[in-house]
Each structure stands twice: as structure tokens, then as C-alpha cells.
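# Observations on chain architecture
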Amino acid sequence: AKESGKNSICFYTSDINDRLLHYQKITALLRNALVAGTLQLYFQPQIDLKNGRMRSCEALLRCFDENSRPVPPDIFIPVAEKSGLINRIGDWVIDAACKQLTAWKDTALGDLRIDINLSGKQLTNQHLASHILQKLHHHDLRPSQLGVELTENEVIEGDEVQIGQLERLKNAGVHISIDDFGTGYSSLLYLRKLPVCSLKIDRSFLHHAMENNSDMAIMQAIITVGHSLGLSVVVEGVETSEQDNLVKTLSCDLAQGYLYARPMPADSMPAYLVSMGQ
Ligand code: C2E
Ligand code: CA
Ligand code: CA
Ligand code: CA
């Protein structure tokens, strides 16, 4: 018994060590990337289902390890949030999105809106809204060219200061989306009080709705209530034409997913636009 107790302590310790090592490795990677300028935004089109046109795209952050292999954001974003690096990284993302919009100005991609992901931590900075609006102004961009995505829980856990920030952004014309909708604990009616333009239904809903009638009914209900609140509804994770048909039947407004395009570097976007005949 003594031995197994010792063993379990051993395992426990090494587990903590592993986590600490992982944490240190990722924070070092992020710090280096910020200094070396090796972070990159990838872009994934969002398609208007009424006319098949690309109206906006989501900016997804990419970080690369020492062998130039991509490290998934699901790994490095939580570490960035924990270490506080998320604020510097978030500022980098805002800046990079503005630079990309500027580069696309006067090209076929000039009307495209870029939606960036915000972490709830960033919203606790009471200067975030004015920082974003200043950046847009500095780059001579219209606020409506930018969107921000926040998950349901991040918005709901927000206090008045944080909601006030979103209100400022929305009043200025920045598009506000609730991300991963359906996975958190908000009620649809609560949305009425929030400064929101779009709902993005989490891809797990679509994938379940393909197999299960009650999940399909839930998805239909979310879309109907979203519409009745004046919100546009985006479905993410559209991978197959069956799923595409379903989201069209449910009168979703926009779709995003591998069926249309995977997230891609900015250089690939002009050719994508041409390939879809836009
Ligand atoms: P998210 O905001 O829910 O982003 C959508 C994720 O789904 C992306 O993963 C995208 O590549 C993936 N995806 C898109 N279409 C499909 C599809 O058809 N099927 C499947 N299975 N997946 C699809 P990614 O790029 O790995 O990003 C993961 C998460 O990391 C994002 O989830 C977001 O929460 C976070 N993230 C990414 N960039 C940023 C950022 O700049 N700031 C912050 N705070 N978070 C970010
Ligand atoms: Ca998102
Ligand atoms: Ca999402
Ligand atoms: Ca997510």
C-alpha cells in the first residue's frame, strides 16, 4: 500500500512537471513569435447562403513551432490567457486584421469584412473598444469592415463595463457575433439585452442534427428565435453537401466550413474568390 501510495505521488508530480513544461514551452514559443513576428492570420470564408457570395471571413490565429509546424490555437490560446500574453497577442491580431483590410482595399476583396476572435480577458481592458476604434481610424478603415467574435459564456460573464465596451463597438458599426452558440448557458431571451448582430451556432449542433431529430428541432428553434430578435445566424462546421442542404432548409443566413474552404493564408484569398466566380 505504501509503495502504490508513493507511486501515485510520483505520477502526480511528474504530471504537474509535464504541465509546467508544456506551459513554459508554449509561453516561450509565443514570446518568441511576438518578437520574431512569426504569428500569422489565416482566413476562412463565410458564405451568404442566399446568393453563394463571400461577404466576410474569420481570422484564425496561427503560431508555428521551431520546426515551422503549426501549433493549434486550442493549445496556445488557453496558455496565452493564463500567462497574460493574450493581451499582446490580441493587440497583434487587431493590428494584423487592420493591415490586411488595408492591403485588400481597392482590390476585389475590398468589401470583405474580417471577424477576429476576442478572448473574454481582452474585454476586461476598459480601453479595448477605443483601442480598436482608434486602430480602424488610423488605418482609414470603416468600423463595419471589422467584426469581433466572443463566446457565449464570455459575454454572459461580462459585467457592465465589458458589455459597455461591446455596446461602444456595435454603435460605431463593428459587427458583433456570439461564437460557439448553444454550448454555453445563455438563454435566447437574454440576447435581447446584449449588443449582438449574429449568432454562430457551434458545429457540434449541426453534426448532431444530421443524426437526431430533436437536435434538428433545437437548431431550428435557435434559428427562428435568432431571426425574430433581428440577428443573422451563421452555422459553422459545414463539411458535407448533406449538411449544406440542411442549413439551407433551416434558413440559416451564412455558412462556414471545410465544404466551402479551409482557413487559408491571405495570399490564397484572391484565387479563392475567383474560383467561386465572385
Ligand atoms: P472558433 O472560433 O470556434 O473557430 C472555428 C474553428 O473551427 C477553427 O479552428 C476552424 O479552423 C475550425 N473549422 C472551420 N470549419 C470547420 C469544419 O468544417 N469542420 C471542422 N471540424 N472544423 C472547422 P482553429 O483555427 O483551430 O481555431 C480553434 C479556436 O481557437 C477557435 O475556435 C477560437 O476559439 C480560437 N482562436 C483562433 N484564433 C484566435 C484569436 O486570434 N484569438 C482568440 N482569442 N482565439 C482564437
Ligand atoms: Ca470564432
Ligand atoms: Ca466557433
Ligand atoms: Ca471555439
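Everything discussed here concerns the structure shown above.
In what follows, the accompanying structure is described. All values reported here derive from a predicted model rather than from experimental measurement. (Residues numbered from 1 in each chain as written. Chains lettered and ligands numbered in written order. Predicted model: local features only at pLDDT ≥ 70, side-chain atom pairs only at ≥ 80, totals over all residues. Heavy atoms only, no water.)

## Concerning the overall build of the protein chain
To be explicit about the condition: Put simply, DSSP marks the helices as runs of H or I at least four residues long and the strands as runs of E at least two long, and each gets a number from the N terminus on. The quantity called the radius of gyration is restricted to C-alpha atoms. Its globule counterpart is 2.2 Å times the number of residues to the power 0.38. Only protein chains enter the accessibility calculation, which uses a 1.4 Å probe; a residue whose area is less than 20% of its type maximum is buried, one above 50% is exposed, and one in between is partly exposed. Contact definition: two residues touch when any of their heavy atoms are within 4.5 Å.
Looking only at helices and strands, one finds 11 helices and 10 strands in the protein chain. Relative to the 2.2 N^0.38 estimate, which gives 19 Å for 278 residues, the radius of gyration of the protein chain is 20 Å and therefore close to what a compact globule would have. A principal-axis box enclosing the C-alpha atoms of the protein chain has dimensions of 65 × 50 × 40 Å. Looking at the protein chain as a whole, 46% of its 278 residues qualify as buried. Across the protein chain, contacts joining residues at least 24 apart in sequence account for 67% of those joining residues at least 6 apart.

## Describing the coordination of the calcium ion (ligand 2)
So the rule is basically this: Metal sites are built from N, O and S donor atoms within 2.8 Å, or 3.2 Å for Na, K and Ca, and they leave out water, so they may look incomplete.
Only Glu58 (OE), Asn117 (OD1), Glu149 (OE) and Asp179 (OD) from the protein coordinate the calcium ion (ligand 2), and they sit 2.1 to 2.3 Å from it. We note that the donor set of the calcium ion (ligand 2) lies within a single chain, spaced as E-x58-N-x31-E-x29-D. Here the calcium ion (ligand 2) and the calcium ion (ligand 3) are spaced 4.0 Å apart, linked through Asp179, which binds each one. Here Glu149 lies in strand 5 (residues 146–151) and Glu58 lies in strand 2 (residues 53–64), a separation of 91 residues in the sequence. Across the pair, Glu149 and Glu58 agree in class, each one buried.

## Digging into the environment of Leu123
Counting through the fold element by element, Leu123 comes out in helix 4 (residues 120–123). For the pair formed by Leu123 and Gly277, sequence separation is 154 residues and the distance between their alpha carbons is 38 Å. In this structure, Leu123 is in contact with Leu128, Leu150, Gln162, Gln165 and Leu166, ignoring residues within four places of it in sequence.

## A few points about the packing of helix 5 (residues 128–138) against helix 7 (residues 160–172)
Which entries qualify depends on this criterion: Here an angle of 0 to 180 degrees is reported between the N-to-C directions of two axes, which are lines fitted to C-alpha atoms, with helices fitted over the stretch in contact. Reported orientations rely on four angle classes, namely roughly parallel under 35 degrees, roughly antiparallel over 145, roughly perpendicular from 65 to 115, and oblique for the rest. Residue classes follow a fixed rule: Ala, Val, Leu, Ile, Met, Phe, Trp, Tyr, Cys and Pro count as nonpolar, while Asp, Glu, Lys and Arg count as charged, and any other residue, Gly among them, counts as polar.
Contact geometry of helix 5 with helix 7 gives a least axis separation of 8 Å together with a crossing angle of 25°. In terms of orientation, helix 5 and helix 7 fall into the roughly parallel class. Facing Leu128, Ala129, Ser130, Ile132 and Leu133 of helix 5, the residues of helix 7 in contact are Gln165, Arg168, Leu169 and Ala172. In terms of residue class, the contact of helix 5 with helix 7 is built from six nonpolar, two polar and one charged.

## A closer look at the site of ligand 1
Inclusion rule: Nearness here has a simple test: a residue counts as near a molecule or strand if at least one of its heavy atoms is within 4 Å of that partner. For this analysis, a polar contact is any N or O atom pair within 3.5 Å, provided that within protein one partner can donate a hydrogen and the other can accept it, and provided that sequence-adjacent residues contribute only side-chain to side-chain pairs.
In the neighbourhood of ligand 1, 22 residues make up the surrounding shell, with Arg62, Asp179, Arg203, Glu239 and Tyr258 lying closest. Separating an oxygen atom of ligand 1 from a side-chain N or O atom of Arg203 is a distance of 2.9 Å. Mapped by element, the contributors of at least two residues to the shell around ligand 1 are strand 2, helix 2 (73–83) and strand 6 (175–181). Here the shell around ligand 1 gets four residues from one element, more than from any other, and that element is strand 2. Of the residues that constitute the shell around ligand 1, the class distribution is nine nonpolar, five polar and eight charged.

## Observations concerning the state of the cysteines
Put simply, the rule is: Here, a disulfide means two cysteine sulfur atoms that sit within 2.5 Å of each other.
Applying the stated criterion across every chain yields a total of zero disulfides. Considering cysteine sulfurs only, Cys57 is the nearest to Cys98, which forms no disulfide, with 13 Å between them.

## Points about the environment of Ser228
Locating Ser228 in the fold gives a position in helix 9 (residues 213–228). When its relative accessible area of 60% is taken as the criterion, Ser228 is described as exposed. Reaching out from Ser228, the side chain makes a polar contact with the backbone oxygen of Val225 at a distance of 2.8 Å.

## A few points about helix 10 (residues 241–249)
Since one α-helical turn is 3.6 residues long, residues separated by three or four positions face the same way. Filter applied, for reference: Summarising the geometry, the arc corresponds to the directions from the helix axis toward the C-beta atoms.
Buried residues of helix 10: Gln243, Asp244, Leu246 and Val247, and no others. Down the axis of helix 10, the buried set is contained in an arc of 160°. They therefore lie on one face. The inward-facing, buried residues of helix 10 contact helix 8 (203–209), helix 9 and strand 8 (232–236). A positive backbone phi angle near 50° is found at Ser251, which sits one or two residues after helix 10.

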